[in-house]
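Coordinate analysis (summary)
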Amino acid sequence: MQKICNELTQSFRKHHGLLSVEKYRKILRRFPQMYDEEETIFFLLQAMGYPIDFHQDNYILKSYFTPLKRQKFCVIDIETNGSKPENSQIIEVGAVMIEDGKIIDKFSTFVRCNMIPEYITKVTGIQHKDLRKAPTKLQVLSKLREFMSDSIFVAHNANFDYTFLDSSFAQVGLGGMCNQKLCTIDLAHRTFEAERYGLAYLNDFLEINTPILHRAYNDALTTSKVLAHEFDNLPMEINSTDELLRFSIAPKKEPREVKNK
């Protein structure tokens, strides 16, 4: 599904956010081994968080047209009991939903788990007693899927959190994730200068001063404040969500005039 999402996004951008039914079908025909039905894959994409819609005989990439102030950004952090989803699992999830610079919702929970290494407890403070009666992985991820909807997935070092969650969703039968992704490390490099860009360093450097790091909700909250600082330093020409996503991963250029806030 990720390959389909990537192909669709490239084509949507090439055609200014709109795809005719024929252009949409042409992309799907490249993946005959996965899905044959146009309607089925459309609903699957929506269910997995891809911001696609159908309007007036065209498929639409909603983020291409959504102004930043109207876009929802789900800022997420996870704690895990290992580094690879194949042989470890999520033990805590924290998320805040941002719209127009404000937190409009939050999500925070432990995840039931029977094994937590001592070094993870030392880093996070999470103990086995916190996890043994927590909601199951299926229960947590089902609620998280609903919470995220088709918002933009945001995390600090987003590839790790996204990949781990994508695999975890698939493991419990919820499919993968197709939400569009924004990494606050990438965007930080594009919007301000710092000696380092790790979350702990930026917590002090930007005077965010969240009291606890290496806990999911607090790290998600810290990341959301890093994101707010990045938004304050965006170039004036960045107005839509899609422009932001492309800007975040583009090669860095000379400093440009920033928006007046």
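In what follows, the accompanying structure is described. (Residues numbered from 1 in each chain as written. Predicted model: local features only at pLDDT ≥ 70, side-chain atom pairs only at ≥ 80, totals over all residues. Heavy atoms only, no water.)

Concerning the sheet that holds strand 5 (residues 90-99)
If you trace the five strands from one edge of the open sheet to the other, you get 6-5-4-7-8, paired in mixed fashion. Two strands close off the open sheet at either side, each with one partner strand: strand 6 (102-110) and strand 8 (181-183). Strand after strand, the sheet turns through a mean of 25 degrees between neighbouring axes, direction not considered. Two strands pair when backbone bridges link them, and strand 7 (residues 152-155) and strand 8 are joined in this way by three bridges, in the parallel orientation. Paired with V154 across the bridge in strand 8 is L182. The strands touched by helix 11 (residues 216-232) within the sheet are strand 4 (72-80), strand 5, strand 6, strand 7 and strand 8, with strand 4 carrying the most contacts at an inclination of about 140 degrees. Along the sheet face, helix 12 (residues 241-249) touches strand 4, strand 7 and strand 8 and points at about 50 degrees away from the line of strand 8. (Pairing = 2+ DSSP bridges. Helix = DSSP H or I, 4+ residues; strand = E, 2+ residues; numbered from the N terminus. Axes fitted to C-alpha atoms, helices over the stretch in contact; angles between N-to-C directions. Contact = heavy atoms within 4.5 Å.)

With respect to the nonpolar core
Membership of the largest hydrophobic core comes to 34 residues, with the highest contact counts inside it found for I76, I90, V93, L144, M148, F153 and L165. Elements with a minimum of two residues in this core: strand 4, strand 5, helix 7 (137-148), strand 7, helix 8 (158-171), helix 9 (184-191) and helix 10 (199-205). When neighbours within four sequence positions are excluded, V93 is seen to be in contact with D77, I78, F107, S108, T109, V111, V140, L144 and A216. Counting residues in hydrophobic clusters, the runner-up holds 21 residues, among them Y24, Y59, L61 and C178. (Core = buried A, V, L, I, M, F, W, Y, C linked by side-chain atoms within 4.5 Å. Buried < 20%, exposed > 50% of the residue type's maximum accessible area, 1.4 Å probe, protein only.)

Describing the pattern of salt bridges
Think of it this way: side chains of opposite charge can pair up when their charged atoms draw near. What the rule picks out here adds up to eight salt bridges. Across the pair R29 and E22 runs a salt bridge, and its minimum N-O distance is 2.8 Å. Here the salt bridges share partners, and the residues they tie into one network are R13, D242 and R246. (Salt bridge = Lys/Arg side-chain N within 4 Å of Asp/Glu carboxyl O.)

Observations regarding the environment of N233
Relative to the helices and strands, N233 resides in the loop between helix 11 and helix 12. Residue classification places N233 among the partly exposed residues on the basis of a relative accessible area of 24%. Measuring from C-alpha to C-alpha, the distance between N233 and R190 comes to 9.0 Å, with 43 residues separating the pair along the chain. Polar contacts involving the side chain of N233 include one to the main-chain carbonyl oxygen of H229, which spans 2.8 Å. (Polar contact = N/O pair within 3.5 Å; in protein donor to acceptor, adjacent residues only side chain to side chain.)

Things to note about unusual backbone geometry
Even without glycine at this site, D57 takes up a positive phi of about 65 degrees. Within the secondary structure, D57 sits in the loop between strand 2 (52-55) and strand 3 (58-61). The exposed category is assigned to D57, whose relative accessible area is 59%.

Considerations on the sheet that holds strand 2
Here three strands make up an open sheet; going across it, the order is 1-3-2 and the pairing antiparallel. The two strands at the open ends of the sheet, each matched to only one other strand, are strand 1 (18-20) and strand 2. The mean inter-strand angle of the sheet, taken between neighbouring strand axes irrespective of direction, is 30 degrees. Lying on the sheet, helix 1 (residues 2-14) is in contact with strand 1, strand 2 and strand 3; it crosses strand 1 at an angle near 100 degrees. Of the strands in this sheet, strand 2 and strand 3 are in contact with helix 3 (residues 38-47), which crosses strand 2 at around 130 degrees.

A closer look at the packing of helix 7 against helix 8
Put simply, helix 7 and helix 8 touch, their axes get as near as 10 Å, and they point 120 degrees apart. One way to sum up the angle between helix 7 and helix 8 is to call them oblique. Crossing hand, helix 7 versus helix 8: left-handed. For the pair helix 7 and helix 8, contact is made by K137, L141, L144, R145 and M148 and by L165, S168, F169 and Q171, respectively. (Parallel < 35°, antiparallel > 145°, perpendicular 65-115°, else oblique. Left-handed = near helix turned anticlockwise from the far one by under 90°.)

Looking at the packing of aromatic side chains
One pass over the structure, following the stated rule, counts 12 aromatic pairs. Ring geometry for Y24 against Y59: centres 3.8 Å apart, planes inclined by 20 degrees, an arrangement best described as stacked. With Y24 in helix 2 (residues 21-28) and Y59 in strand 3, the pair connects residues that are 35 residues apart, well separated along the chain. No difference in accessibility class separates Y24 from Y59, as the two residues are buried. An angle of 45 degrees between the planes, with centres 5.6 Å apart, marks the rings of F107 and F147 as tilted. With a gap of 40 residues between them, F107 in strand 6 and F147 in helix 7 connect regions that are remote in the sequence. Accessibility assignment for this pair places F107 and F147 in one class, buried. Clustering of aromatic rings is evident, with ring pairs tying together Y24, F42, F43, F54 and Y59. A cation over an aromatic ring shows up here: K181 above the ring of Y162, its NZ or CZ 5.0 Å from the ring centre. (Phe/Tyr/Trp six-rings, centres within 6.5 Å; stacked < 30°, edge-to-face > 60°. Lys NZ or Arg CZ within 6 Å of the ring centre and 35° of its normal.)

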